[in-house]
Amino acid sequence: MPAGASALSLARPRTLKAALALLAEDPELMPIAGCTDVFVGLHFGTSGQRRFIDLWGLDELRGIALVRPEPSEAPVLRIGALATYTDIIASALVRRRLPMLVAAAREIGGAQIQNRGTLGGNVANASPAGDTLPVLAAANARIVLRSAGAERRVAMGEYYTGYRTSVRQAHELITAVEIPPVAGRQWWRKVGTRKAQAISKIMMAGVRGPVVRIAIGSVAPTVVVADKTARCLSAGGTLAEAQALLGDEITPIDDVRSTREYRHQVAQNLLAQFWRETE
Ligand SMILES: Cc1cc2nc3c(=O)[nH]c(=O)nc-3n(C[C@H](O)[C@H](O)[C@H](O)COP(=O)(O)OP(=O)(O)OC[C@H]3O[C@@H](n4cnc5c(N)ncnc54)[C@H](O)[C@@H]3O)c2cc1C
């Protein structure tokens, strides 16, 4: 049953500092950004959450820019946690530096979801079917987490700890995602039940450069970085050898959207397509 609105409370801080102070006092508060995931849980009565903190007004979490977190570091692409898919699609900087993220954003939901759903929400939601996750993993992105007392950066490969769990603590917010320069040709493909407005059955992001990087979603409890497969291809191994390794790196399951066998087969097909199309 949907949660009655009168049973819900919403804090609306005006600054990031105020939001982090509220979370430090009460880590039970659940952050909401675009609310496109949270609302589904409330509407279908599957979420027991009743107290929320609204991040939407925090402009400090917006913006897409090249920044240098450390003076010695090459500039990284910094995408604020509140960047929507529409912001990402419209950004010339993202189109230039991370076209596979633009490709993924274009296939997320419809126009309403793209206008409201955020990158930070997709990462925090931690669904294995989150479309941006393979892109961020293939790009070696890091997640910027901030609490009232500290800021830390966590590599995508270390961010998720299991099915819908991550290293983020309840008093921390994702403030941004940082992506170092990506060397090589970028590739993205999502397979769903239909061409648009579909939750992924499986999706793959790949980078073909001096080092090959491959990440796949919806084939394990968390996004899979297929390191052995990528190393095989980087070292000049054959596609067949890489496909055999990929079969061992993923652990898909049967669920409402697809079967284990189908996902295994499609993962092999996607790897072949990635390799062919990035030659
Ligand atoms: C009709 C429909 C279609 C969809 N299609 C797709 C699709 O094709 N692909 C896809 O990947 N997803 C899809 N989604 C899911 C959803 O839109 C995305 O995951 C979106 O990016 C979530 O962002 P949001 O800002 O709305 O998150 P919210 O719903 O506001 O939050 C989601 C979760 O993240 C947490 N959170 C949000 N922001 C932060 C932050 N800055 N710091 C810490 N925690 C935070 C919240 O507490 C919550 O747990 C769809 C959803 C709907 C309803």
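Residues numbered from 1 in each chain as written. Predicted model: local features only at pLDDT ≥ 70, side-chain atom pairs only at ≥ 80, totals over all residues. Heavy atoms only, no water.

The next point concerns the site of the ligand. Taken together, 31 residues are adjacent to the ligand, and Pro31, Thr36, Asp37, Tyr85 and Thr118 come closest. Asparagine 122 places a side-chain nitrogen or oxygen 2.8 Å from an oxygen atom of the ligand. Here the ligand loses 87% of its free accessible area of 980 Å² to cover by the protein chains. Elements supplying a minimum of two residues to the shell around the ligand: strand 2 (30–32), helix 2 (38–43), helix 7 (119–125) and strand 10 (173–179). (Near = heavy atom within 4 Å. Polar contact = N/O pair within 3.5 Å; in protein donor to acceptor, adjacent residues only side chain to side chain. Areas by Shrake-Rupley, 256 points an atom, 1.4 Å probe, with all protein chains shown as cover. Helix = DSSP H or I, 4+ residues; strand = E, 2+ residues; numbered from the N terminus.)

Judged by nonpolar contacts, the single largest core of 41 residues is most densely connected at Ile88, Leu98, Met100, Val123 and Ile179. Here this core spans two domains, and each of domain 2 (59–179) and domain 3 (185–277) adds at least three residues to it. Not counting the four nearest positions on each side in its chain, methionine 100 is found in contact with Val135, Ala138, Ala139, Gln186, Trp187, Trp188, Ala205, Gly206 and Val207. In terms of nonpolar packing, the next biggest core, distinct from the first, is built from 23 residues, Val191, Met204, Ile250 and Val266 among them. (Core = buried A, V, L, I, M, F, W, Y, C linked by side-chain atoms within 4.5 Å. Buried < 20%, exposed > 50% of the residue type's maximum accessible area, 1.4 Å probe, protein only. Domains from an automatic or database assignment. Contact = heavy atoms within 4.5 Å.)

This paragraph deals with the pattern of salt bridges. Enumeration according to the criterion identifies 13 salt bridges in this entry. Glutamate 151 is the salt-bridge partner of arginine 146, the closest N and O atoms lying 3.7 Å from each other. The exposure class assigned to arginine 146 is partly exposed, which follows from its relative accessible area of 31%. The class for glutamate 151 is partly exposed, based on a relative accessible area of 38%. Among the charged side chains, a salt-bridge network with shared partners connects Glu73, Arg78, Arg142, Arg146, Glu151, Arg153 and Glu178. (Salt bridge = Lys/Arg side-chain N within 4 Å of Asp/Glu carboxyl O.)

Moving on: the sheet that holds strand 7 (residues 151–155). Spatially, 4-5-10-6-7 is the arrangement adopted by the five strands of the open sheet, whose pairing is antiparallel. A strand with exactly one partner marks an edge of an open sheet, and here the two such strands are strand 4 (64–67) and strand 7. Strand-to-strand twist of the sheet, defined as the mean angle between neighbouring strand axes without regard to direction, takes the value 30 degrees. As defined by bridge partners, strand 5 (residues 76–80) adjoins strand 10 across four bridges and the pair is classed as antiparallel. Bridging across to strand 10, isoleucine 79 finds its partner in valine 177. (Pairing = 2+ DSSP bridges. Axes fitted to C-alpha atoms, helices over the stretch in contact; angles between N-to-C directions.)

Here the domain parsing of the chain yields domain 1 (5–54), domain 2 (59–179) and domain 3 (185–277). Placing the centre of domain 1 and that of domain 3 at their C-alpha centroids yields a distance of 35 Å.

The subject of this paragraph is the sheet that holds strand 12 (residues 202–208). Here we have four strands laid out as an open sheet, ordered 11-12-13-14, and antiparallel in their pairing. Of all the strands in the sheet, the pair left with one neighbour each is strand 11 (185–191) and strand 14 (224–225). Looking at chain direction, strand 13 (residues 212–217) and strand 14 are connected through two bridges and run antiparallel. Within strand 14, the residue paired with isoleucine 216 across the bridge is valine 224. Where helix 10 (residues 227–234) meets the sheet, it contacts strand 13 and strand 14, and its direction lies at approximately 150 degrees from that of strand 13. In the packing of helix 12 (residues 260–277) onto the sheet, the strands contacted are strand 11, strand 12 and strand 13, and the crossing angle to strand 12 comes to about 30 degrees.

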